[in-house]
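Below are the chains, spelled out letter by letter.
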Amino acid sequence: QKEVEQDPGPLSVPEGAIVSLNCTYSNSAFQYFMWYRQYSRKGPELLMYTYSSGNKEDGRFTAQVDKSSKYISLFIRDSQPSDSATYLCAMYSRGSTLGRLYFGRGTQLTVWP
Amino acid sequence: GAGVSQSPSNKVTEKGKDVELRCDPISGHTALYWYRQSLGQGLEFLIYFQGNSAPDKSGLPSDRFSAERTGGSVSTLTIQRTQQEDSAVYLCASNSQGETQYFGPGTRLLVL
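Conventions we followed
Residues numbered from 1 in each chain as written. Chains lettered and ligands numbered in written order. Predicted model: local features only at pLDDT ≥ 70, side-chain atom pairs only at ≥ 80, totals over all residues. Heavy atoms only, no water. Pairing = 2+ DSSP bridges. Helix = DSSP H or I, 4+ residues; strand = E, 2+ residues; numbered from the N terminus. Axes fitted to C-alpha atoms, helices over the stretch in contact; angles between N-to-C directions. Buried < 20%, exposed > 50% of the residue type's maximum accessible area, 1.4 Å probe, protein only. Contact = heavy atoms within 4.5 Å. Disulfide = S-S within 2.5 Å. Phe/Tyr/Trp six-rings, centres within 6.5 Å; stacked < 30°, edge-to-face > 60°.

Colleague: Can you explain the sheet that holds strand 8 (residues 75-79) of chain B? Please cite residues and give values.
Modeller: Residue and element names in this part refer to chain B. Within the open sheet, the 4 strands sit side by side as 1-3-8-7. Their pairing is antiparallel. Each edge of the open sheet carries a strand with a single partner, namely strand 1 (5-7) and strand 7 (65-69). Averaged over neighbouring strand pairs, the angle between their axes works out to 15 degrees when direction is ignored.

Right, here's the structure in full:
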């Protein structure tokens, strides 16, 4: 079993839809959770960063972490065609190599006009 | 400011040849990471540098893979006797302690 599981999609939604992306993980030591966005033929760029359980909101994006269920989510409100990309969840614990990230496979999202 | 840069952007090589991939991290970043991203897969950790030392090489897939970092800056990932299964995007990231990782654009390697 991979440490981080993520449905690869693809996910296709109309402009303006609410998008929900999710990851599950098995290592209860993970404390830091991130979402990266990766456009085609580009490197991943950090979108959201949260510590431990709870919610974090940044504009149209909301990240949720439920450590009891080992489940994290990213919500995108009022989705735009420019949101079309691959979204990767990532996480790490202080106990591992400092900052070594464990990634999900990524979910490919297409937002059509 | 300048981000993480990688070269070459694309590399096509023949099976059995050696390749070198280069990463220039963000100036001042002490930590540097190499990942590999195969088609439809997430990022697979390869190696981590703190300064010029590599305390964690656990992700290197075989002894054909090696990496070094000099001057606490530039890093080179070398793949000897390349195989077709080495075809992937090789990504480099850097950070300072406690900060998030910033990724370069990657090197797309195709082994024929």
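Colleague: Any chance you could break down the environment of G43 of chain A for me, citing the residues and the numbers?
Modeller: Within the fold, G43 of chain A resides in the loop between strand 4 (32-38) and strand 5 (45-51). In this structure G43 of chain A comes out as buried when scored by relative accessible area, which is 16%. If we ignore the near neighbours within four places in the chain, the residues touching G43 of chain A are R37 and Q38 of chain A together with L91, G104 and P105 of chain B.

Colleague: Any chance you could break down the state of the cysteines for me, citing the residues and the numbers?
Modeller: Inspection of every chain in the model, using the stated rule, returns 2 disulfides over all chains. Each sulfur in the disulfide pair C23 of chain A and C89 of chain A lies 2.0 Å from the other. Looking along the S-S bond of the C23 of chain A-C89 of chain A disulfide, the torsion reads about -105 degrees, which is the left-handed sense. Residue C23 of chain A is located in strand 3 (residues 19-25), and its partner C89 of chain A is located in strand 9 (residues 85-92); the two are separated by 66 residues in the primary sequence. Each member of the pair, C23 of chain A as well as C89 of chain A, is classed as buried. Between the sulfur of C23 of chain B and that of C92 of chain B lies a disulfide, 1.9 Å long from S to S. Between C23 of chain B and C92 of chain B the disulfide shows an S-S torsion of about -65 degrees. By sign, it is left-handed. Pair noted here: C23 of chain B is in strand 3 (residues 19-24) and C92 of chain B is in strand 9 (residues 88-95), with a separation of 69 residues, a long-range link. With relative accessibility at 0%, the residue C23 of chain B sits in the buried group. Judged by relative accessible area, which is 0%, C92 of chain B ranks as buried.

Colleague: Describe the packing of aromatic side chains, naming the residues involved and giving the relevant values.
Modeller: Evaluation of the coordinates by the stated rule reveals 14 aromatic pairs over all chains. Residues F103 of chain A and Y35 of chain B carry aromatic rings whose centres are separated by 5.6 Å and whose planes lie at 85 degrees to one another, so their mutual orientation is edge-to-face. You can see F103 of chain A sitting in strand 10 (residues 102-103) and its partner Y35 of chain B sitting in strand 4 (residues 31-37), one on each of two chains. On the accessibility criterion, Y35 of chain B (0% relative accessible area) is buried. Each member of the aromatic cluster is reached from another via a ring pair, and the members are Y36 and F103 of chain A together with Y33, Y35, F45, Y48 and F103 of chain B.

Colleague: Break down unusual backbone geometry for me, citing the residues and quoting the values.
Modeller: Omega for the bond connecting G9 of chain A with P10 of chain A falls within 30 degrees of zero, at 10 degrees, which places this linkage in the cis form. One can find P10 of chain A in the loop between strand 1 (4-6) and strand 2 (11-14). Looking along the chain, the bond that leaves S7 of chain B and enters P8 of chain B is cis, with omega of -10 degrees. Mapped onto the elements of the fold, P8 of chain B is located in the loop between strand 1 and strand 2 (10-13). Positive phi values are uncommon outside glycine, yet K70 of chain A reaches one of about 55 degrees. Secondary-structure assignment places K70 of chain A in the loop between strand 7 (61-66) and strand 8 (71-76). Given the relative accessible area of 25%, K70 of chain A is considered partly exposed.

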